[in-house]
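A closer look at the structure
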Amino acid sequence: GTLGRLLQAEVILTHATGPKGATQQAGPMAVLNPIADRLRGDEVPCEICLEASQPTAAAEALSRREAPDLFVVSSSRVRGLDNFLVGSTARRILRAVPGSVLVATDKPFRALSSMLVAIDVDDPDAAAIRWAGRLAHDFARVTALGVVPKGATVARLTEATTRLRAHVQRVLGREVPSNWMVRPIAAASAQEGILSAAVGHDLVVLTSHGRSGLARFLEGSVAEELVRACPVSVLVAR
């Protein structure tokens, strides 16, 4: 609902019933109808879609039919086999759909008070910055993060700050907003730097494709592992 209001977008509540579950609608609808009613009460347009398939196939079908701006899937932080099973579903959907995916933790997600945006200045697409620009509002704190090699000198960090700021301005087409902070961090790897900086934020935004730098590092399974390990919700921007 929070994202629906911020993006002024319709929300489609989708439930995969399984190949043989399409006719057993009473159970899912008993859960989904009250959620839809609350969203509509908050003036967020909403519809319910039941798919007679497994979750990944349902996401692919919805992607072809509706081409949504954003998929939202849940991820569990419990230990053991349950974590493996739930996490693997989120990862399969992350691989299967071409659009952006938000992997939400069980932490309450009521407002975007603080966002961390992992930036690669060599990524011309800059999907993470564009998504952050869409989500940011007057009360949000946005940290534009760049990862530089561990042991970087003060001069290297200063140069990184200048490049990060110029890249954000170029993508946004305006001066860096007052609620944005540009921050380089020195770490042994991009994953280590992002996970360290994620503490205290409500949402991490990163990209999963690209040809160089951070974007290349975050391709494929590495991005999936970062999403799995991150303690807060992660939006994988495409």
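As the structure is a computational prediction, the values presented were derived from the model and not from experiment.

**Digging into the sheet that holds strand S8 (residues 203–207)**
An order of S3-S4-S9-S8-S5-S6-S7 is seen for the seven strands of this open sheet, with the pairing classed as mixed. Each edge of the open sheet carries a strand with a single partner, namely strand S3 (70–74) and strand S7 (180–187). In this sheet, adjacent strand axes meet at a mean angle of 20° when their direction is disregarded. Relative to strand S6 (residues 141–149), strand S5 (residues 114–118) runs parallel, the two being bridged by five bridges. Looking at the pairing, Ser-114 lines up with Arg-141 of S6. Of the strands in this sheet, S3, strand S4 (100–104), S5, S7, S8 and strand S9 (233–237) touch helix H5 (residues 127–135), which is tilted by about 165° from S5. Together, S6 and S7 form the strand contacts of helix H6 (residues 154–172), whose direction differs from that of S7 by roughly 140°.

**Quick notes on the environment of Gln-169**
On the secondary structure map, Gln-169 appears in helix H6. Separated by 40 residues in sequence, Gln-169 and Ile-129 have C-alpha atoms that sit 9.8 Å apart. If near-sequence neighbours (up to four positions away) are discounted, Gln-169 is found in contact with Arg-174, Glu-175 and Val-176.

**So, unusual backbone geometry**
Located in the positive-phi region is Ala-67, a residue other than glycine, with phi close to 45°. Along the polypeptide, Ala-67 turns up in the loop between helix H3 (55–66) and S3.

**So, the side chain of Asp-202**
Inspection of the secondary structure assignment puts Asp-202 in the loop between helix H7 (190–198) and S8. Polar side-chain contacts of Asp-202 include one of 2.3 Å to the side chain of Ser-113.

**Some points on the packing of H5 against H6**
Packing of H5 against H6 brings their axes to within 10 Å, and their N-to-C directions diverge by 65°. Judged on the interaxial angle alone, H6 and H5 are roughly perpendicular. Seen along the crossing, H5 lies across H6 with a hand that is right-handed. Here Ile-129, Arg-130 and Gly-133 of H5 lie close against H6, whose contacting residues are His-167, Val-168, Val-171 and Leu-172. Of the residues belonging to the contact of H5 with H6, the class tally is four nonpolar, two polar and one charged.

**What to know about the nonpolar core**
Of all hydrophobic cores here, the largest spans 25 residues; its most connected members are Val-101, Leu-116, Ile-194, Val-204, Leu-206 and Val-234. Other than its neighbours up to four places away in sequence, Val-204 contacts Leu-116, Ile-194, Ala-198, Cys-230, Val-232, Ser-233, Val-234 and Leu-235. Ranked by size, the runner-up nonpolar core spans 24 residues in total, among them Ile-119, Ala-132, Val-205 and Leu-235.

**A look at the confidence of the model for the chain**
Reading predicted coordinates in detail is not appropriate for stretches of low pLDDT. Per-residue confidence for the chain gives a mean pLDDT of 79, with 78% of residues at or over 70. For residues 77–86, every residue scores under 50 in pLDDT, and the model assigns this stretch 13 contacts once sequence neighbours within four places are set aside. When the criterion is pLDDT under 50, residues 210–219 qualifies, and its contacts beyond four places in sequence or with other chains add up to 30 contacts.

Procedures and definitions
- Residues numbered from 1 in each chain as written.
- Predicted model: local features only at pLDDT ≥ 70, side-chain atom pairs only at ≥ 80, totals over all residues.
- Heavy atoms only, no water.
- Pairing = 2+ DSSP bridges.
- Helix = DSSP H or I, 4+ residues; strand = E, 2+ residues; numbered from the N terminus.
- Axes fitted to C-alpha atoms, helices over the stretch in contact; angles between N-to-C directions.
- Contact = heavy atoms within 4.5 Å.
- Polar contact = N/O pair within 3.5 Å; in protein donor to acceptor, adjacent residues only side chain to side chain.
- Parallel < 35°, antiparallel > 145°, perpendicular 65-115°, else oblique.
- Left-handed = near helix turned anticlockwise from the far one by under 90°.
- Nonpolar A, V, L, I, M, F, W, Y, C, P; charged D, E, K, R; others polar.
- Core = buried A, V, L, I, M, F, W, Y, C linked by side-chain atoms within 4.5 Å.
- Buried < 20%, exposed > 50% of the residue type's maximum accessible area, 1.4 Å probe, protein only.
- pLDDT = per-residue confidence, 0-100.

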